[in-house]
Amino acid sequence: MNRVVSKDVSRFFQSEHEDKGVRFLFNQNISYFSGENGNVAKIHLSSNETIQSDLVLVGVGGVPNIEIADNTKIEIDNGIRVDSACRTNVEDIYAIGDCTNHWNKIYQRYIRLESVQNAIDQAKVVAENISFGDVSYDSVPWFWSDQYDIKLQIAGVSQNFDEVIIRGNALEKSFSCLYLKNRTLIAVDAINRPRDFIHSKNLIYHKTIIDDDKNNIKEIDLKEYLHKS
Ligand SMILES: Cc1cc2nc3c(=O)[nH]c(=O)nc-3n(C[C@H](O)[C@H](O)[C@H](O)COP(=O)(O)OP(=O)(O)OC[C@H]3O[C@@H](n4cnc5c(N)ncnc54)[C@H](O)[C@@H]3O)c2cc1C
């Protein structure tokens, strides 16, 4: 999970899974699978370890399907490049969803997101732009994951953060990580803390600067910052 959350959050989830009996093997390569009766039966690792298996789930990431734009003038750059109105560089052609690398008004850079929220919100923007005129996509991205009794809710994109502030207590399975860049709130991971998640979306949207005392940041109701921003 290190790609999308801080080490604190990924370590927390690793330990929760380990408590439930999950075994993690990091930095290992699979040499080959072997099977019996047409089913996979063993996973052979480069370390020479062999793992018995009756099901293999392969998660190796994804790439956008952009073949539709092959042999056209549509600009491709880590997906179909669109502006904040979801317009491609070719007049009257729009694109939305996982396949797009869009200009994000909040983060002021191109971002390609893979989430249902992004696909739906971009669809609304395009529908409005085709019908009436000129609106921009400016939603704060959000994501979620339910693991056992733990709800992880993520607001914003934490890439490029330079400071993390933790509120709450991981031992009580209720904490949040505030990601700051130059003291501006850019993302929040809320673990069983729905209030932090709800308020953080607004705070990220308003590019709220959080520069008071760290102890205060850990205790304050995040809603208070809305009045300050
Ligand atoms: C295992 C998994 C779990 C996920 N879990 C979550 C989650 O918990 N929360 C969340 O927010 N998101 C989740 N996602 C991501 C979410 O599914 C995607 O972000 C969302 O479906 C994107 O919608 P989309 O319309 O952009 O693309 P898609 O849903 O992928 O739809 C694109 C469609 O276009 C079709 N297509 C592609 N090329 C062409 C072509 N040349 N011509 C015609 N049709 C074409 C495809 O066949 C597909 O039907 C998950 C994804 C996966 C794979």
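See above for the structure.
Let me sum up the structure you'll find in this document.

### Some thoughts on the site of the ligand
- The ligand sits among Asn-65, Ile-68, Gly-97, Asp-98, Glu-114, Ser-115, Val-116, Ala-119 and Trp-144.
- Val-116 is positioned such that a nitrogen or oxygen atom in its backbone is 2.9 Å from an oxygen atom of the ligand.
- Classifying every residue of the shell around the ligand gives four nonpolar, three polar and two charged.

### Quick word on the sheet that holds strand β2 (residues 39-45)
- Taken together, three strands build an open sheet; the order of strands is β1-β2-β3 and the sheet is antiparallel. Two strands close off the open sheet at either side, each with one partner strand: β1 (30-36) and β3 (50-52). Averaged over all adjacent pairs, the angle separating strand axes in this sheet is 25 degrees, with direction ignored.
- Pairing geometry for β1 and β2, over six bridges, is antiparallel. The residue bridging Ile-30 from the neighbouring strand is Leu-45, located in β2.

### Side note on the sheet that holds strand β8 (residues 150-156)
- Taken together, five strands build an open sheet; the order of strands is β7-β8-β11-β10-β9 and the sheet is antiparallel. In the strand order of this sheet, the two ends are held by β7 (142-147) and β9 (163-169), each with one partner. For this sheet, the mean angle separating the axes of adjacent strands, direction not counted, is 15 degrees.
- Bridging between β8 and strand β11 (residues 184-191) involves five bridges; their strand directions are antiparallel. Bridge pairing in β11 places Ile-154 opposite Asp-189.

Conventions and cut-offs
Residues numbered from 1 in each chain as written. Predicted model: local features only at pLDDT ≥ 70, side-chain atom pairs only at ≥ 80, totals over all residues. Heavy atoms only, no water. Near = heavy atom within 4 Å. Polar contact = N/O pair within 3.5 Å; in protein donor to acceptor, adjacent residues only side chain to side chain. Nonpolar A, V, L, I, M, F, W, Y, C, P; charged D, E, K, R; others polar. Pairing = 2+ DSSP bridges. Helix = DSSP H or I, 4+ residues; strand = E, 2+ residues; numbered from the N terminus. Axes fitted to C-alpha atoms, helices over the stretch in contact; angles between N-to-C directions.

Honestly, it's all geometry; don't read function into it.
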